[in-house]
There are 2 protein chains.
Amino acid sequence: MSSSTATQAPRWHWEDFTDGLTMEFGPKVVDRDEVIRFATDFDPQPFHLSEEAGKASLFGGLAASGWHTAGMVMRMMCDGFLLDSSSLGSPGLESLKWIKPVMVGDQLRARMIVLGSRAMKSKPHVGLVNTRWEAVNQRDEVVMTIESWAMFRRREPAAPEQAS
Amino acid sequence: MSSSTATQAPRWHWEDFTDGLTMEFGPKVVDRDEVIRFATDFDPQPFHLSEEAGKASLFGGLAASGWHTAGMVMRMMCDGFLLDSSSLGSPGLESLKWIKPVMVGDQLRARMIVLGSRAMKSKPHVGLVNTRWEAVNQRDEVVMTIESWAMFRRREPAAPEQAS
């Protein structure tokens, strides 16, 4: 229903997320002011707030909050396809791994791979898509992975099932 | 190392997170301007940006991005204990479930339950803690759950192990 206010149908519906489909979005440069602002609002641990504390930590420098990394990737997904999709939101994540620190000045890309999909029995106009997200930095290192399910409106609703 | 710039030892070390320990933090009122600002920055899907699009969606009103809910809970955790802990960050989440919508005006609390912990073999001064986080609204409904691991410096490093 994300497109209910749009004047034309979105490009991406549930049927379009075929197994193995891989798309890459970005890049997004990790901005110092944005790192500090996000941390100030949501994760004010010292190593996310100043170079000094970052250098004294396991990160070795000013590192973005892992939640900020997830937010930056979400934004790349939105700009890349979600805002032109029939997205209905997500029931959650099956895993999220923060694999390497994301440092100020890094350049991130977001990769999405479709792992599978299935119809939703209770809602004939909705389907679920299982995806793996990878955040990749300028050295092609995977810094974060996410496995999640998301709901999308179908282009063609399922045929009515047998009674009950 | 989060406390490396602090002048005294933090209250919470790895040893303090005993199985079953339950703490509750907050509350945090979900603010309309903050919902729209977060969505504008990180998740600009229409149902997170305006009442009109929210009402036309499955959410039925202006709903916070699930990533924003996670951020609000993270902030309550920081204020509640993490900033006075030996936190060294987190390797990731084993699950994150967005169970019910979080709407503007909701009042959230954050609950943390310690599920278990273990020493880190490779780092004698570090231990891991497995926790379940629950975000609860003003109707005592659990709106989000997270299961995660986090690293904390130990108060007393492990004794040196046998050679190799």
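Our subject is the structure that appears above.
This report concerns the structure included in the present document. What you see is a predicted model, and the numbers here were worked out from it, not measured in a lab.

### Re the environment of Arg-154 of chain A
Residues and elements named next belong to chain A. Tracing the sequence through the fold places Arg-154 in the segment after strand S5 (142-153). It is 9.8 Å that separates the C-alpha atoms of Arg-154 and Ser-87, two residues lying 67 residues apart in sequence. In contact with Arg-154, other than residues within four places in its own chain, are His-13, Trp-14, Glu-15, Ala-119, Pro-124, His-125, Val-126 and Gly-127. Of note is the side chain of Arg-154, whose polar atom sits 3.3 Å from the backbone oxygen of Glu-156.

### So, the side chain of Thr-69 of chain B
Assignment of secondary structure puts Thr-69 of chain B in helix H3 (residues 66-80). In contact with Thr-69 of chain B, not counting residues within four places along its chain, are Ala-64, Val-102, Leu-108 and Met-144 of chain B.

### Some points on the relation of the copies chain A and chain B
Of the transformation placing chain A onto chain B, the axial shift is 0.0 Å and the rotation is 180°, giving an RMSD of 0.0 Å. Here the symmetry operator amounts to a two-fold rotation axis. Ranked by how close their C-alpha atoms come to the rotation axis, the residues of chain A are headed by Ser-95 of chain A, at 2.5 Å. Comparing contact sets, 98% of the residues at the interface of chain A also lie at the interface in chain B, consistent with an isologous, same-surface contact.

### Some remarks on the nonpolar core
Residues Trp-67 and Phe-81 of chain A together with Trp-67 and Phe-81 of chain B are the most contacted members of the largest nonpolar core, which totals 75 residues. Beyond its immediate stretch of four places on either side in the chain, Phe-81 of chain A contacts Trp-12, Phe-17, Met-23, Phe-25, Met-112 and Phe-152 of chain A.

### A short note on unusual backbone geometry
Residues and elements named next belong to chain A. Residue Pro-27 follows Gly-26 across a cis peptide bond; omega there is 5°. On the secondary structure map, Pro-27 appears in strand S1 (residues 22-29). The backbone of Asp-140 sits at a positive phi, close to 60°, despite the residue not being glycine. With relative accessibility at 55%, the residue Asp-140 sits in the exposed group.

Cut-off values and rules
- Residues numbered from 1 in each chain as written.
- Chains lettered and ligands numbered in written order.
- Predicted model: local features only at pLDDT ≥ 70, side-chain atom pairs only at ≥ 80, totals over all residues.
- Heavy atoms only, no water.
- Helix = DSSP H or I, 4+ residues; strand = E, 2+ residues; numbered from the N terminus.
- Contact = heavy atoms within 4.5 Å.
- Polar contact = N/O pair within 3.5 Å; in protein donor to acceptor, adjacent residues only side chain to side chain.
- Least-squares fit on C-alpha atoms with pLDDT ≥ 70 in both.
- Core = buried A, V, L, I, M, F, W, Y, C linked by side-chain atoms within 4.5 Å.
- Buried < 20%, exposed > 50% of the residue type's maximum accessible area, 1.4 Å probe, protein only.

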